[in-house]
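In case you want the letters, here they are:
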Number of protein chains: 2
Amino acid sequence: MSDKVTIYDIAKTLNITAATVSRALNNNPKISEATRLLVLETAAKMNYKQNKLAQSLRSGKSHNVGVIVPRIDSNFFASVIRGIEEELRPVGYHVIITQTNEDEVRQSENITALLNAQVDGILMSISNVSEANDHVINNVVKQNVPLIFFDRKKEMPGVSSVTINDFEAGYLATKNLIEQGCKRIAHLTGDLSLEIFINRKKGYQKALLDNDLVFNEDYVLQTKSSVDAGRQAVQRLLGLNTPPDGIFSSSDFAALGAIQELRERGIKIPKDVCVFGFGNEPFTRFMELSISSVDQSPLEMGRMAAKVFLEQINNTSKVKIEKKVVLNPELQIRKSSTRI
Amino acid sequence: MSDKVTIYDIAKTLNITAATVSRALNNNPKISEATRLLVLETAAKMNYKQNKLAQSLRSGKSHNVGVIVPRIDSNFFASVIRGIEEELRPVGYHVIITQTNEDEVRQSENITALLNAQVDGILMSISNVSEANDHVINNVVKQNVPLIFFDRKKEMPGVSSVTINDFEAGYLATKNLIEQGCKRIAHLTGDLSLEIFINRKKGYQKALLDNDLVFNEDYVLQTKSSVDAGRQAVQRLLGLNTPPDGIFSSSDFAALGAIQELRERGIKIPKDVCVFGFGNEPFTRFMELSISSVDQSPLEMGRMAAKVFLEQINNTSKVKIEKKVVLNPELQIRKSSTRI
DNA sequence: TAATTTAGTGCAATCGATTACTCTTATCCT
DNA sequence: AGGATAAGAGTAATCGATTGCACTAAATTA
């Protein structure tokens, strides 16, 4: 009695065919009301559960989407996923999550595995841009599986994306530091093969330019998104002849490390050095010396990505939709960059 | 050329049958080496992708597991999920995540949807214990779908679980406060229909008892896991005739709120009041006044839950495994509870 | 009343992969 | 050389749900 009940079992019980049962369960108008009710009742009585796998095989739709992120245990990605799940669950989609750990091999494997699993779409934040990956990603497009990038994207024909305006974010954060009187602003950047970091840096540079500040290559350090990396970056910056008086970090964790290192050396924040982070991690708000940061509205980003996916799915025309949604970053200006 | 290639297509190309192709792809020894290689080569050339749905339908194994959590955008749950994914990906399982938002209706819906999707197992942290839910959860067991609780469990026959020793955690945290000289220790608890909160509270009580401190009902406040709730709790505690000199909170967020409220009122931490949190959220470590907290090793918990699931799956004997894994909590003693 | 429509079901193929069973050949042994 | 065995491949059923087409009987129309 525990073993799976199928429409055939119901059919046998009622002495009708599975076709009729299927139609009844799907409210097909060709079925008499009496039969329909009888089937529904019997199905409930027998504890019938629809086998989605069979349905998926037949329809070619798995009602699953794959999500690929570098890692899920980061506030940003977890929030994006939350947004995706909340948007897709009500319309009957399940969310499969996979992590790459920034490893391009795992990224390829994940994509392939998701395609094999017949997901109806892939939402991903790219980890790595390499030839091998390009090939696999192109496979997705070739197989007509909707692909949506969020946050970390890659310019590709036929692929939609949801990002924030990283250029603007970099520009505004830097401008904020300038307005606080910073003249020598350093920038902790990330993996420059990724558009987000390129754009944040460009915004930073443009803000300097617009305010007649010189751009100094020595002030730009490639830094991992970790507290330690932030500390090390500051160590290097303090070794320069003219150390910076402002830091725009493209990672909150690096910003935190920077702050810790600066304070340990007796440098006052924001008096001597102002710091601006990126990502609006929860701790930036919680610190006694709260850290200014750029909010990327991850929840909204996830929701948007899901919506774009649904649009693609429901797009009946032959013309492929290629939508580029750009969300506005929001500055959270806090103590670490507020001198007045 | 973009459309799905099946084994029938390969078969037609090579003028053999699909059965042979299938055997060749599965390294069935009954196939000649020559044919095998030919098939493999052709499959690669035609960009063949195995349709897991079809395979799943036939085998009755979806190679998907469902994970149900209250919400994914919490460091704890995200880390658990990370652990689950890392353990299951290498063995070919996909992880479907769903959230309940602590809503019992959504919880039931999610369970049902996952069962319909034919998941091979469900790993969940229970949100709510009610009659309706009991019924649905029992369904899982009845259908012989391995069910593993993590963190928030419910005692049920035939169901495995991975938790930390919450009693011990509550005991040790409270003991730490006592050792720091606290005599009047308050406890911010959670939803007392959940075992975790009951056990933490019991540990707290036992520690008081063992150290000849009186248990005062007024010192126990049911508090949501949020900064605001923590603040409110402190407001109420300070209204008592003899306010506490120590707080053991079963939530880091509430602990943070408590600290903020106390400090705003000029109460010194840890001098006047010591505070101990629960969960080891990242910010507890990052604060200048770092917050003592109980670490639940979420990554390990996720890994363990996944391992227990795999054991169940691979258990060929008819005897059901019912495994209760209890991890040891680890105190992270920090400034908020260190007077010396 | 005869012809035609319609409501309600059944039949059987399909989605793609797997596998127990059957059937050819080729090889082996005495 | 004749029969036994094995190697390699084909046939067809199966997993569960869906759906175009066919069919029957009742209802409608002329």
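So, how was this worked out
Along each chain, the written sequence defines residue order, and numbers are assigned to residues from 1. Here the convention is simple: chains get letters from A, ligands get numbers from 1, in the order in which they are written. The model is predicted, so local features are restricted to residues of pLDDT at least 70 and side-chain atom pairs to those at 80 or more, both for listing and for counting; the totals for chains, interfaces and linings are taken over all residues. Note that water and hydrogens are dropped before the side-chain values are worked out from all heavy atoms of the structure. We call a residue near a molecule or strand as soon as one heavy atom of that residue lies within 4 Å of the molecule or strand. Any pair of nitrogen or oxygen atoms within 3.5 Å is treated as a polar contact; in protein, a donor-acceptor pairing is required on top of that, and neighbouring residues in sequence qualify only through side-chain atoms on both sides. Per the convention used, a helix needs a DSSP run of H or I reaching at least four residues, while a strand needs a run of E reaching at least two, with both numbered from the N terminus. Here a residue-residue contact requires only that any non-hydrogen atoms of the pair lie within 4.5 Å. Each of two parts loses accessible area, computed with a 1.4 Å probe, when they are put together; buried area is these two losses added. Any carboxyl oxygen of Asp or Glu within 4 Å of a side-chain nitrogen of Lys or Arg constitutes a salt bridge here. Residue type decides the class: Asp, Glu, Lys and Arg count as charged, Ala, Val, Leu, Ile, Met, Phe, Trp, Tyr, Cys and Pro as nonpolar, and the leftover types, Gly among them, as polar. Two strands are said to pair when DSSP picks up at least two bridges between them. Here the copies are superposed with least squares, the fitted atoms being C-alpha atoms of residues at a pLDDT of at least 70 in both. Site definitions follow a grid-based scheme: protein atoms alone, a 1 Å grid, a 1.4 Å probe that fits but cannot get out for cavities, and for pockets an open set with protein on both sides within 12 Å along at least five of seven lines, plus lining residues having an atom within 4 Å of a point. Grid points are joined across faces, edges and corners, and a volume is the space filled by probe spheres set on the points. By this rule the span expected of a helix is its residue count minus one, scaled by 1.5 Å. To obtain each axis, a line is fitted to C-alpha atoms, and for helices this fit is confined to the stretch in contact; angles are then taken between N-to-C directions over 0 to 180 degrees. Under this scheme an angle from 65 to 115 degrees is roughly perpendicular, one under 35 degrees roughly parallel, and one over 145 degrees roughly antiparallel; angles in between are oblique. By definition, turning the near helix anticlockwise from the far helix through less than a right angle yields a left-handed crossing, and turning it clockwise yields a right-handed one. UniProt positions are given in the numbering used here, feature names are shortened, and annotations may be inferred rather than shown by experiment. Classification of residues uses two cut-offs on accessible area relative to the type maximum, computed with a 1.4 Å probe and protein chains only: under 20% is buried, over 50% is exposed, and between them is partly exposed. When the strands point away from the viewer and the path from the first strand over the helix to the second turns clockwise, the crossover is right-handed. Domains are outlined according to an automatic or database domain assignment.

### What about the protein's contact with DNA strand D?
Around DNA strand D sit 25 residues, and of these A:R23, A:Y48, B:T20, B:R23 and B:R58 come closest. Of everything in DNA strand D that lies within 4 Å of the protein, sugar and phosphate atoms constitute 59%. A:N51 is positioned such that a nitrogen or oxygen atom in its backbone is 3.3 Å from a phosphate oxygen of DNA strand D. Residue B:R58 places a side-chain N or O atom 2.6 Å away from a base oxygen belonging to DNA strand D. Sorting the residues of the surface near DNA strand D by element identifies α1 (7–14), α2 (18–25) and α4 (52–59) of chain A together with α2 (18–25) and α4 (52–59) of chain B as the ones contributing at least two each.

### As for the protein's contact with DNA strand C
Around DNA strand C, the structure places 25 residues, and the nearest of them are A:T20, A:T35, A:R58, B:R23 and B:Y48. Put simply, 61% of the atoms of DNA strand C that lie within 4 Å of the protein are in sugar or phosphate. Within the side chain of A:T35, a nitrogen or oxygen atom sits 2.5 Å from a phosphate oxygen of DNA strand C. Of all the elements in the fold, those that place two or more residues in the surface near DNA strand C are α2 and α4 of chain A together with α1 (7–14), α2 and α4 of chain B.

### A look at the interface of chain B and chain A
Many structure descriptions define interface size as the accessible area lost when the parts assemble. Tallying the contact residues gives 53 residues for chain B and 53 residues for chain A. Buried surface at the junction of chain B and chain A, summed over both partners, amounts to about 5000 Å²; 54% is from carbon and sulfur atoms. Considering only the surface of chain B that becomes buried against chain A, B:L53, B:R82 and B:F286 emerge as the three largest contributors, covering 14% of it. Between the two partners, chain B and chain A, sit eight salt bridges. A:E85 is the salt-bridge partner of B:R106, the closest N and O atoms lying 3.7 Å from each other. On the surface where chain B and chain A come into contact, there are 21 residue pairs in polar contact (both at pLDDT 80 or more). Among the secondary structure elements, those contributing two or more residues to the side of chain B that touches chain A are α4, α5 (75–88), β2 (94–99), α6 (104–116), α7 (131–142), α11 (252–264) and α12 (282–286) of chain B. With seven residues, α6(B) is the largest single contributor of residues to the side of chain B that touches chain A. Of the residues in the side of chain B that touches chain A, the class split is 19 nonpolar, 20 polar and 14 charged. Summarising the sheet, strand β2 (residues 94–99) of chain A and β2(B) pair through three bridges and their orientation is antiparallel. Bridge assignment links A:I96 to a residue of β2(B), and that residue is B:I96.

### Looking at the relation of the copies chain B and chain A
Between the two copies, chain B and chain A, the superposition gives an RMSD of 0.0 Å; the rotation angle is 180° and the shift along the axis is 0.0 Å. What the rotation and shift describe, once combined, is the action of a two-fold rotation axis. Comparing interface residues between copies, 100% of those in chain B also sit at the interface in chain A, which points to an isologous, same-surface contact.

### Topic: empty space enclosed by the protein
All chains considered together, the criterion is met by two cavities of 30 Å³ or more. Estimated volume of the largest cavity: approximately 40 Å³. Looking at the largest cavity, the residues that line it are A:V234, A:L237, A:L238, A:P244, A:I247, A:L262 and A:V273. With three residues, the single largest contributor to the lining of the largest cavity is helix α10 (residues 227–238) of chain A. Tallied by class, residues from the lining of the largest cavity come to seven nonpolar, no polar and no charged. The calculated volume of the second largest cavity comes to roughly 30 Å³. Together, A:I97, A:T98, B:E85, B:R89, B:Y93, B:H94 and B:V95 line the second largest cavity. Looking at the lining of the second largest cavity, the elements that each hand over two or more residues are β2 of chain A together with β2 of chain B. A class-by-class count of the residues in the lining of the second largest cavity yields three nonpolar, two polar and two charged.

### Details of helix α3 (residues 33–45) of chain A
Helix length check: α3(A) (13 residues) gives 18 Å between terminal C-alpha atoms against 18 Å at 1.5 Å per residue, within 8%. Looking one or two residues past α3(A), A:N47 carries a phi angle of roughly 60°, positive in sign.

### Overview of the packing of helix α5 (residues 75–88) of chain A against helix α13 (residues 298–314) of chain A
All names here are of chain A. Axis separation between α5 and α13 bottoms out at 7 Å; the angle between their running directions is 40°. Judged by the inter-axis angle, α5 sits oblique to α13. In the packing of α5 onto α13, the handedness of the crossing is right-handed. Residues F76, S79, V80, R82, G83, I84, E86, E87 and L88 of α5 lie in contact with α13, whose contacting residues are P298, L299, M301, G302, R303, A306, K307, F309 and L310. Of the residues contributing to the contact of α5 with α13, the split by class is ten nonpolar, three polar and five charged.

### What to know about the UniProt feature "domain: HTH lacI-type" (unreviewed entry) in chain A
UniProt annotation of "domain: HTH lacI-type" (unreviewed entry) refers to residues 5–59 of chain A when read in the numbering used here. As annotated, residues 5–59 of chain A comprises 67% helix and 0% strand, and the C-alpha atoms at either end are separated by 21 Å.

### Section: the pairing of strand β6 (residues 185–189) of chain B
One face of the sheet, then the other: side chains in a regular strand alternate in exactly this way. Residue and element names in this part refer to chain B. Among the five residues in β6, five count as buried, and that is most of the element. Covered by surrounding structure in β6 are I185, H187 and T189 together with A186 and L188, the residues of both alternating faces. Where β6 meets strand β8 (residues 246–249), four bridges bridge the pair, whose relative direction is parallel. Bridging from a neighbouring strand, I185 pairs with G246 of β8. Pairing analysis gives three bridges linking β6 to strand β7 (residues 220–222), with the strands arranged parallel. Counted as the bridge partner of H187 is V220 from β7. Handedness of the β-α-β unit built from β6, helix α9 (residues 195–210) and β7 comes out right-handed.

### Description of the layout of surface pockets
By volume, the largest pocket amounts to about 1500 Å³. Contributing elements (two or more residues each) for the lining of the largest pocket: α4, α7 (131–142) and α13 of chain A together with α1, α2 and α4 of chain B. Residue contributions to the lining of the largest pocket peak at five residues, all from α4(B). Put simply, the second largest pocket is a space of about 960 Å³. The wall of the second largest pocket is formed by 39 residues, among which A:N75, A:P282, B:N75, B:E281 and B:P282 lie closest to the centre. Elements with a minimum of two residues in the lining of the second largest pocket: α5, α12 (282–286) and α13 of chain A together with α5, α12 and α13 (298–314) of chain B. Per element, the largest residue contribution to the lining of the second largest pocket is five residues, and it comes from α5(A).

### Structural notes on the side chain of B:Q296
Residues and elements named next belong to chain B. Mapped onto the elements of the fold, Q296 is located in the loop between β10 (292–295) and α13. At 3.5 Å, the side chain of Q296 and the side chain of R200 are in polar contact. Among residues more than four places away in sequence, those in contact with Q296 are F76, D151, I164, R200, F278, G279 and M301.

### A short note on the domain arrangement of chain A
What the domain assignment lists for chain A is domain 1 (7–50), domain 2 (62–164 + 298–327) and domain 3 (166–296 + 331–337). For domain 1 of chain A versus domain 3 of chain A, the distance between C-alpha centres works out to 64 Å.

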